[in-house]
Amino acid sequence: MTLPPGQRAVDGFPRFGTHIHHPPPPLPSDPVIEIGGAVTRTVRLFVADLAKLPRRELRADFHCVAGWTATGLLWEGVTFESLYRAQVQPLLEPDASISHVVFEGLDAYRSIVLLEDALGADVLIADRLNDQPLDGDHGAPVRLVSPSQYGFISTKHLCRIELHATEPPTPDRFSPIAAHRRARVWQEERHRRLPGRVVRPVYRTLIGPIRALSARGSHTRP
Ligand SMILES: Nc1nc2c(c(=O)[nH]1)N[C@H]1C(S)=C(S)[C@@H](COP(=O)(O)O)O[C@H]1N2
Ligand SMILES: [Mo]
């Protein structure tokens with residue numbers, strides 16, 4: 001099995017994220033995804049209605065920027081591209097030129113993705129993992145999954161998609177370890193200013209502790 005540069009396979013699928021010390025956010029009774037930002041009007045899609053769009057299965061590894069890779073996950077959902085064409089494009093001004101998409105979770109987590117990356121063929125809005133409905137650890141009720149990019153792109157508990165015509169500012173923009181805007185795993189685009197291979201050894205020492213911290217969320221693959 002070939003992994004992207006600097007990655008190590010782990011058993012199962014750790015629960016991970018900036019809010020690892022918090023439990024997953026409670027499930028809304030009728031979850032919606034709000035579509036906002038540079039649109040002519042804000043709309044709310046019922047997550048339940050995703051079942052009506054063409055469904056896609058995707059088998060892929062999942063790579064965290066901290067260096068662990070969960071292998072052979074089976075995701076199911078709709079492609080972001082089909083959602084974008086069907087639900088977002090009709091809301092845009094005819095001359096609108098969207099460059100970035102913000103994906104926001106119920107825990108207020110946000111990821112910023114270039115539109116061209118979000119439209120990639122392997123980018124899903126997923127509601128099932130390994131033949132089960134997505135659980136709280138991995139992003140219930142729905143999450144973004146972009147396996148060609150580091151995990152921080154793949155917002156869990158997705159509740160809002162925001163369209164932008166220019167790059168939105170982020171709190172980490174002056175930080176030396178600011179997230180890479182493209183975050184492509186095969187190019188090892190971990191951070192904006194530091195080359196991936198420089199931070200690798202630091203991350204490597206963290207994999208053990210991260211694994212222990214997220215043990216509660218560990219799942220064994222079928
Ligand atoms: N809503 C939300 N999404 C998130 C995060 C988070 O903290 N909150 N963490 C990101 C990071 S850094 C990673 S590696 C993956 C981890 O996904 P997992 O918990 O399903 O392994 O989720 C990403 N999406
Ligand atoms: Mo991550």
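Rules behind the numbers
- Residues numbered from 1 in each chain as written.
- Chains lettered and ligands numbered in written order.
- Predicted model: local features only at pLDDT ≥ 70, side-chain atom pairs only at ≥ 80, totals over all residues.
- Heavy atoms only, no water.
- Helix = DSSP H or I, 4+ residues; strand = E, 2+ residues; numbered from the N terminus.
- Pairing = 2+ DSSP bridges.
- Axes fitted to C-alpha atoms, helices over the stretch in contact; angles between N-to-C directions.
- Contact = heavy atoms within 4.5 Å.
- Salt bridge = Lys/Arg side-chain N within 4 Å of Asp/Glu carboxyl O.
- Buried < 20%, exposed > 50% of the residue type's maximum accessible area, 1.4 Å probe, protein only.
- Core = buried A, V, L, I, M, F, W, Y, C linked by side-chain atoms within 4.5 Å.
- 1 Å grid on protein atoms, 1.4 Å probe; cavity = no way out; pocket = protein on both sides within 12 Å on 5 of 7 lines; lining within 4 Å.
- Points joined across faces, edges and corners; volume = space filled by probe spheres on them.
- Near = heavy atom within 4 Å.
- Polar contact = N/O pair within 3.5 Å; in protein donor to acceptor, adjacent residues only side chain to side chain.
- Areas by Shrake-Rupley, 256 points an atom, 1.4 Å probe, with all protein chains shown as cover.
- Sits in = over half its atoms within 2 Å of the grid points.
- Nonpolar A, V, L, I, M, F, W, Y, C, P; charged D, E, K, R; others polar.

Participant: How would you sum up unusual backbone geometry? Please name residues and give values.
Facilitator: Following Ala140, the chain continues to Pro141 via a peptide bond in cis, the omega torsion being 0°. When you line up the elements, Pro141 lands in the loop between β9 (132-133) and β10 (143-145). If you check the backbone angles, Ala108 has positive phi at about 75° while not being a glycine. Relative to the helices and strands, Ala108 is located in the loop between β6 (100-105) and β7 (110-114).

Participant: Before we move on, can you summarise the sheet that holds strand β2 (residues 32-37) with the specific residues and values?
Facilitator: For sheets, the rule is that strands pair by backbone hydrogen bonds, running either parallel or antiparallel. On the basis of which strands lie adjacent, the open sheet formed by 5 strands has the order β3-β2-β11-β6-β7 and mixed pairing. This sheet does not close on itself; its edge strands, each paired only once, are β3 (43-46) and β7. On average, each strand axis in the sheet is tilted by 20° relative to the strand beside it, whichever way the strands run. The pairing of β6 with strand β11 (residues 158-164) spans 6 bridges and is antiparallel. Within the sheet, the bridge partner assigned to Phe103 lies in β11 and is Ile161. Contacting β2, β3, β6 and β11, helix α1 (residues 80-88) crosses the sheet at an angle of about 70° to β11.

Participant: Now, about the pattern of salt bridges: what can you tell me, with residues and values included?
Facilitator: Following the criterion strictly, the structure yields 17 salt bridges and no others. We note a salt bridge from Lys52 to Asp49, for which the minimum N-O separation is 2.9 Å. Asp49 gets classed as partly exposed once you look at its relative accessible area, which sits at 33%. Glu188 is paired through a salt bridge with Arg190; the nearest N and O atoms lie 2.8 Å apart. When its relative accessible area of 10% is taken as the criterion, Glu188 is described as buried. Exposure remark for Arg190: the relative accessible area of 1% places this residue in the buried category. Within this structure, Glu34, Arg44, Glu104, Arg110, Arg160 and Glu162 form a network of salt bridges that share partners.

Participant: Give me the lowdown on the nonpolar core, citing residues and values where you can.
Facilitator: In terms of nonpolar packing, the biggest core is built from 57 residues, with Trp68, Trp75, Phe80, Tyr84, Phe103 and Ile125 touching the most fellow members. No other element matches strand β5 (residues 68-79), which puts 5 residues into this core. Not counting residues within four places of it along the chain, the set of residues in contact with Tyr84 comprises Gln89, Pro90, Leu92, Ile98, Leu115, Leu119 and Leu163.

Participant: Could you give me a rundown of the layout of surface pockets, with the residues and numbers involved?
Facilitator: There is about 1100 Å³ of room inside the largest pocket. If you trace the largest pocket, you find 44 residues lining it, with Gly17, Thr18, Tyr109, Arg110 and Phe152 closest to the centre.

Participant: Run through the site of ligand 1, naming residues and quoting values.
Facilitator: Around ligand 1 there are 21 residues in total, and Pro14, Phe16, His138, Arg143 and Lys156 lie nearest to it. A distance of 2.6 Å is found between an oxygen atom of ligand 1 and a backbone nitrogen or oxygen belonging to Pro14. Phe16 is positioned such that a nitrogen or oxygen atom in its backbone is 2.7 Å from an oxygen atom of ligand 1. A total of 530 Å² of accessible area belongs to ligand 1 in isolation, and the protein chains cover 97% of it. Comparing atom positions with the cavity grids shows ligand 1 to sit within the largest pocket. Looking at the shell around ligand 1 residue by residue, the class counts come to 8 nonpolar, 8 polar and 5 charged.

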